Amino acid sequence: MNTECCSERLFFSLLRSALWGTPVRIDEPVDATVWADLLQLAKRHAVQGILYDAIKELPPDAGMPRGQVAEWLLEVDRIEHFNARMRAVIDVQRKVWQRYGIEAILLKGITVAAMYPVPEHRICGDIDWWLPDNDSWQRSVDVVRNNKIAVSFDSDGDAYYELNGVVVEHHHKGLKWPGTVGELLMLNTHILHHAAVTGIGMRHICDLAMGCKYFKGKYADSEYEQALRKLGLLRWTDLLHSTLRRVMNIPEEYLPVLPGARPVPDKDVDKFVRLVMTDGNFGMDRAQRYSGFFLRAGLFLKYAPWAFIGRWLRLIIGRTFR
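Residues numbered from 1 in each chain as written. Predicted model: local features only at pLDDT ≥ 70, side-chain atom pairs only at ≥ 80, totals over all residues. Heavy atoms only, no water.

A. Structural context of the overall build of the chain. Per the secondary structure count, the chain includes 13 helices and 5 strands. Here the chain has a C-alpha radius of gyration of 20 Å; the compact-globule value for 322 residues is 20 Å, and the two agree. Summarising its shape, the C-alpha atoms of the chain cover approximately 60 × 45 × 45 Å along the three principal directions. Across the 322 residues that make up the chain, the buried fraction comes to 49%. Expressed as a percentage of contacts within the chain between residues at least 6 apart in sequence, the contacts between residues at least 24 apart total 75%. Looking at the chain as shown, the accessible area adds up to about 15,600 Å², and 54% of this sits on carbon and sulfur atoms. (Helix = DSSP H or I, 4+ residues; strand = E, 2+ residues; numbered from the N terminus. Rg over C-alpha atoms; globule rule 2.2 N^0.38 Å. Buried < 20%, exposed > 50% of the residue type's maximum accessible area, 1.4 Å probe, protein only. Contact = heavy atoms within 4.5 Å. Areas by Shrake-Rupley, 256 points an atom, 1.4 Å probe, with all protein chains shown as cover.)

B. A look at the packing of aromatic side chains. All chains considered together, the criterion is met by 8 aromatic pairs. Ring centres 6.0 Å apart and planes at 85° place the aromatic pair tryptophan 97 and tryptophan 129 in the edge-to-face group. Here the residue tryptophan 97 occupies a position in helix α4 (residues 66–99), and tryptophan 129 occupies one in strand β2 (residues 127–130), the gap between them amounting to 32 residues. With relative accessibility at 3%, the residue tryptophan 97 sits in the buried group. On the basis of relative accessible area, tryptophan 129 is assigned to the buried category, the value being 1%. Arranged with centres 5.7 Å apart and planes meeting at 90°, the rings of tryptophan 236 and phenylalanine 272 form a pair that is edge-to-face. Taken as a pair, tryptophan 236 in helix α10 (residues 234–246) and phenylalanine 272 in helix α11 (residues 266–279) lie far apart in primary sequence, 36 residues in all. Aromatic ring contacts, followed pair by pair, group Trp236, Phe272 and Phe300 into a single cluster. (Phe/Tyr/Trp six-rings, centres within 6.5 Å; stacked < 30°, edge-to-face > 60°.)

C. Inspection of the sheet that holds strand β1 (residues 105–107) at higher detail. Pairing is mixed in the open sheet, where 5 strands are placed in the order β1-β2-β5-β4-β3. Here the strands that pair on one side only, and so sit at the sheet edges, are β1 and β3 (152–153). Looking at chain direction, β3 and strand β4 (residues 159–163) are connected through 2 bridges and run antiparallel. By the bridge assignment for β4, phenylalanine 153 is matched with alanine 159. Its contacts with the sheet put α4 on β1, β2, β4 and β5 (166–171), and the angle it makes with β2 is roughly 25°. (Pairing = 2+ DSSP bridges. Axes fitted to C-alpha atoms, helices over the stretch in contact; angles between N-to-C directions.)

D. Highlighting α4. For α4, spanning 34 residues, the distance from its first C-alpha to its last is 50 Å, which sits close to the expected 50 Å at 1.5 Å a residue. Listed as buried for α4 are Gln68, Trp72, Glu75, Val76, Ile79, Asn83, Met86, Val89, Ile90, Gln93, Val96 and Trp97. Positioned one or two residues after α4, glycine 101 has a phi angle of 65°, which is positive. (Expected span 1.5 Å × (residues − 1).)

E. Broad picture of the pattern of salt bridges. Using the criterion set out here, one finds 15 salt bridges in the structure. Linking lysine 267 and aspartate 268 is a salt bridge whose minimum nitrogen-to-oxygen distance equals 3.5 Å. Owing to a relative accessible area of 3%, aspartate 268 belongs among the buried residues under this scheme. Through salt bridges that share partners, Lys43, Glu75 and Arg78 make up one connected network. (Salt bridge = Lys/Arg side-chain N within 4 Å of Asp/Glu carboxyl O.)

Right, here's the structure in full:
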């Protein structure tokens, strides 16, 4: 038996079950090796908490060894404690921003977790604050520094620091589209930006799936399509939606109706899924820095907007020759 294929099939079955509440189908024998592989696969894609919500519904005869049950429980306990600590930091910072009259919008992370059936089990990496202008961003950074916290800056000029064991980032660049459409666009483009260079895993594909469900009916499909056209993202979104349909089994009613959408060949969906599965969360599973470069380049040249491709090439060149 090919344990890698078996563990991947079980991985996707459990993931769909956790997201949509559907029964898990186990059509082949699952031994201890497959269960062990499944946990490692879940860790590489940062979805062990999400998978656990489906695993706990399995019948007693599913065959997971007791030792591995204990491992899953420890993983989930760790995730719950970290997320609780993160929420505490967010609550403190919100009060600080209010005290200084700083408008700061919480992005991704805990906000996205709220869209899941069990928010506490979605792994959150860091806290991302978005400041609407340079002045707000600078004042927020000054407040942090005045509290004797060391602040660093990344290659995009965004500030970051650590607070109570949680990394916090301050952003003031990027996509500025108002309302719910902007939030959905953020989930969409987050995959694009990370898949291009550092790599992206299934956690962020799940985020988009949950976003589609959560936001459905809260925005006009025509407005979303207009935004995608303006940003050159319509073809890229065709690829994402085809992936959600084919791999994640997303119910069609959760997806926006886009009259301008075009079919995506199954082979391109397969390539994209293989890229994601090979990358792991933020490239955790990539053996080499530019692993899968030609596959990546082929997909992005076909589906990504030209403005993004230019930025992507500059990043690749900059990171290669710096």
